[in-house]
Amino acid sequence: MSSPETKLDLYDEGVESPSESMHGEMTVSGTQRNTNNPGAPNFNTLDEPIRETILRDVKAVGVKFYHVLIPKEKNTLLKEWDLWGPLVLCTFMATILQGSSADMYDGGPEFAQVFVIVWIGAMIVTLNSKLLGGNISFFQSVCVLGYCLTPCALALLVCRIILLSTQTTFLFFLRFLVASAGFGWATYASIIFLGDSQPANRKALAVYPIFLFYFIISWLVISHSNV
């Protein structure tokens, strides 16, 4: 088990304390007073226009999606965490994966079932990580696991398009390859972000639940056969 003095400066070399890594400022960085008009207000996140707040948050979510698809930089997901992206991905996948109302025995999961699988699964994986001595916060881990659903969501979208055609053995294997690619990329990206947060001698125990989590999601993608 980890000691209470475990540091959270794994991904931030310039951070002096764990609290600095977890807390951000409420002011908008880079926003300066208009020198041409001294009377112009100097907005921060509490009194800035709603449009600017929404655009800034949307841009931040988009940057996180980019870093999941090209997992090279770790600070954005781990330090500036949020749950907007995971919520959008979960809602998107649940909407497509839910069973058809025209046939109650089509085998598709219900909307709420997908939500439970995603969120409860992410919390279980996070709890396992914390019990193994992981040095990132609960919401940081849930954020990473949620954003790393992006490849699975893209695979689901492609499989949905493939299902519009008359299904053949070739198209089934094509869907299988697409779902497998989404599973592999999601697992790889999450390990890139979360792997170093675990003690070296327990990394395999932390990676296995991540592998199982995305395997279940990918299984829902490949087993989805109704349009």
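Just so we're clear, the structure is a prediction, and the values are computed from it rather than from any experiment.

1. Here we look at the overall build of the chain
The secondary structure content of the chain amounts to nine helices and zero strands. Put simply, the chain has 227 residues, and 38% of those count as buried. As displayed, the chain offers around 13,300 Å² of accessible surface, 65% of which is attributable to carbon and sulfur atoms.

2. Description of the confidence of the model for the chain
Low-pLDDT portions of the prediction should not be read for the details of their coordinates. When pLDDT is averaged across the chain, the result is 78; 72% of the residues are at 70 or more. Across the chain, the secondary-structure element scoring lowest on mean pLDDT is helix α1 (residues 18–22), at 43, and the one scoring highest is helix α7 (residues 150–162), at 94. Every residue in residues 1–41 scores below 50 in pLDDT, and together they form 49 contacts with partners more than four places removed in sequence or on other chains. Throughout residues 100–105 the model reports pLDDT below 50, and contacts reaching past four residues in sequence, or to other chains, amount to two contacts.

3. Comments concerning a nonpolar patch on the surface
On the surface, Trp 81, Val 116, Ile 120, Met 123, Ile 124, Phe 138 and Phe 139 cluster together into a nonpolar patch covering about 610 Å² of accessible area. When residues of the nonpolar patch are traced back to their parent elements, those giving at least two are α5 (111–131) and α6 (138–147). With four residues, the top contributor of residues to the nonpolar patch is α5. In this fold, Val 116 is placed in helix α5.

Rules of the game
Residues numbered from 1 in each chain as written. Predicted model: local features only at pLDDT ≥ 70, side-chain atom pairs only at ≥ 80, totals over all residues. Heavy atoms only, no water. Helix = DSSP H or I, 4+ residues; strand = E, 2+ residues; numbered from the N terminus. Buried < 20%, exposed > 50% of the residue type's maximum accessible area, 1.4 Å probe, protein only. Areas by Shrake-Rupley, 256 points an atom, 1.4 Å probe, with all protein chains shown as cover. pLDDT = per-residue confidence, 0-100. Contact = heavy atoms within 4.5 Å. Patch = residues over 30% accessible without salt bridge, like charges linked within 9 Å, V, L, I, M, F, W, Y side chains within 5 Å. Salt bridge = Lys/Arg side-chain N within 4 Å of Asp/Glu carboxyl O.

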